[in-house]
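Notes for the structure review
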Amino acid sequence: MIFLESLARPLLIFHAIAAAVLVGATTHHLLWCRHYLWGRYNRAPAERRFAGICALAFVTTFVLGNLLYPTYKVRVRAEYFDNPVAIAAEARMRAEQHQLVGVAPTPAPSVVTSLSPIARIFDIKEHWVALGCAASVILFILSRRAHPKDEPRTLWLYLGLSMVQCGTAWMGAIVGIVTASYRSVGGPV
Amino acid sequence: MRARAYYASCAALIGFAITYTLPIYAHLPRTFYDPVARRWFFAANSTPIPMGYVGQIVWGIAGALIAAGATMMIVSRRSSTEGPSERGAALGAAWTLTAIAIVIGYFTWNNWP
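The rules behind each value
- Residues numbered from 1 in each chain as written.
- Chains lettered and ligands numbered in written order.
- Predicted model: local features only at pLDDT ≥ 70, side-chain atom pairs only at ≥ 80, totals over all residues.
- Heavy atoms only, no water.
- Axes fitted to C-alpha atoms, helices over the stretch in contact; angles between N-to-C directions.
- Helix = DSSP H or I, 4+ residues; strand = E, 2+ residues; numbered from the N terminus.
- Left-handed = near helix turned anticlockwise from the far one by under 90°.
- Contact = heavy atoms within 4.5 Å.
- Nonpolar A, V, L, I, M, F, W, Y, C, P; charged D, E, K, R; others polar.
- Buried area = accessible area lost by both parts, 1.4 Å probe.
- Salt bridge = Lys/Arg side-chain N within 4 Å of Asp/Glu carboxyl O.
- Polar contact = N/O pair within 3.5 Å; in protein donor to acceptor, adjacent residues only side chain to side chain.
- pLDDT = per-residue confidence, 0-100.
- Expected span 1.5 Å × (residues − 1).
- Buried < 20%, exposed > 50% of the residue type's maximum accessible area, 1.4 Å probe, protein only.
- Core = buried A, V, L, I, M, F, W, Y, C linked by side-chain atoms within 4.5 Å.
- Arc of directions from axis to C-beta.

Right, let's talk about the packing of helix α2 (residues 44-81) of chain A against helix α5 (residues 155-181) of chain A for a bit. Residues and elements named next belong to chain A. Packing of α2 against α5 leaves a shortest axis separation of 11 Å and a crossing angle of 30°. Read as a crossing pair, α2 and α5 show a hand that is left-handed. On the side of α2, the interface is formed by Glu 47, Ala 51, Cys 54, Phe 58, Tyr 72 and Phe 81, while α5 contributes Tyr 158, Gln 165, Thr 168, Ala 169 and Thr 179. Taken together, the residues that form the contact of α2 with α5 break down as seven nonpolar, three polar and one charged.

So, about the interface of chain B and chain A. Listed per partner, the contact involves 40 residues of chain B and 38 residues of chain A. Approximately 3300 Å² of surface area, both sides summed, lies buried where chain B meets chain A, with 74% of it carried by carbon and sulfur atoms. At the junction of chain B and chain A, the tally comes to zero salt bridges. Put simply, chain B and chain A have nine residue pairs in polar contact (both at pLDDT 80 or more) between them. Elements with a contribution of two residues or more to the side of chain B that touches chain A: α1 (2-25), α2 (53-74) and α3 (86-111) of chain B. Per element, the largest residue contribution to the side of chain B that touches chain A is twelve residues, and it comes from α3(B). Residues that form the side of chain B that touches chain A fall into these classes: 29 nonpolar, eight polar and three charged.

This part is about the confidence of the model for chain A. Per-residue pLDDT for chain A has a mean of 93; in total, 95% of the residues score no lower than 70. The lowest-confidence element of chain A is helix α3 (residues 84-101) of chain A, averaging 86 in pLDDT; the highest-confidence one is helix α1 (residues 8-33) of chain A, averaging 98.

Here α1(A) contains 26 residues, and its C-alpha end-to-end distance of 36 Å stays within 8% of the 38 Å for a straight helix at 1.5 Å per residue. Within α1(A), the full set of buried residues consists of A:Ala8, A:Leu11, A:His15, A:Ala18, A:Ala19, A:Leu22, A:Val23, A:Ala25, A:Thr26, A:His29, A:Trp32 and A:Cys33.

Ranked by size, the top nonpolar core spans 60 residues in total, and within it A:Leu142, A:Leu161, B:Tyr20 and B:Tyr53 carry the most contacts. Of all elements in the fold, only α1, α2, α4 (116-145) and α5 of chain A together with α1, α2 and α3 of chain B reach the threshold of two or more residues within this core. If you tally residues by element for this core, the top one is α4(A), at 13 residues. Other than its neighbours up to four places away in sequence, B:Tyr20 contacts A:Glu126, A:His127, A:Ala130, B:Tyr53, B:Gln56, B:Ile57, B:Gly60, B:Val103 and B:Phe107. Of all hydrophobic cores here, the second largest spans five residues; its members include A:Leu11, A:Ala18, A:Leu64 and A:Leu68.

What follows concerns α3(A). All names here are of chain A. Over its 18 residues, α3 runs 26 Å from end to end, which matches the ideal 26 Å to within 8%, given 1.5 Å per residue. Those residues of α3 that fall on the buried side of the exposure criterion are Ile 87, Ala 88, Glu 90, Ala 91 and Ala 95. For α3, the buried positions fall inside an angular range of 165° around the axis, keeping them on one side. In α3, the exposed positions that point more than 90 degrees away from the buried face belong to Val 85, Arg 92, Leu 100 and Val 101. In this fold, the buried residues of α3 make contact with α2. Directly beyond the C-terminal end of α3, a positive phi value near 95° is found at Gly 102.

Structure follows, in structure tokens:
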């Protein structure tokens, strides 16, 4: 048995919920920070609170993702994405099911390749979110210790980290959904 | 205090970015977890299934803590409310954001399908 494999589905659901909170909170945070460019700090208390929510959501999402990672690595990546035989078998089965259902079957590709490119994009996402998580924690510290309202010279770093935080959260969410779409709505090819 | 927090934050992120990348770039040993055999081991490289990601994150956190600690010791404690200088703040922001951009670019380039 792989570590936490029996809990993979509930972990995935909590991971998705935490990621949804993360995407919403980081987008909200970045949009509120834009007012600082014009020296308007009236939303600073709420923005500071959002910096805390973002950091908590990022760390939670990151930890849950890491707990799921052993199951992904074996059951999804090794047994499916990097396994052309499994993909070919699923493509055949789907084509047969299309005919049974009576919908025009998707023509089977002449050469079934592996889904390794998807796995590699997932690898890229892992590195982006690791840096985004670190940026989120540092942004939280800056929001308490050197906020642009109190120290305007920190504004560019603050805004930059908010952009990194938001961009990496979106990247993680989109790549995560694309990865999960294989073997579901997207089919194997 | 604000200057120390600011420079330590910059150093922590730069330290994280560099030491997170270092074991991959320089093939340094790190902790791997083999999910099939359910065991941890320490190595520079491994077969595809064992996961080196956790070891890489440990490298990054260690680098961030060391860099932030060293910066806090170096930066003066003379004024408790003084912020970073204009030049220092700009350089700190530029170095930090550039380090993040380079590391993101490095991993994107090396893993691009």
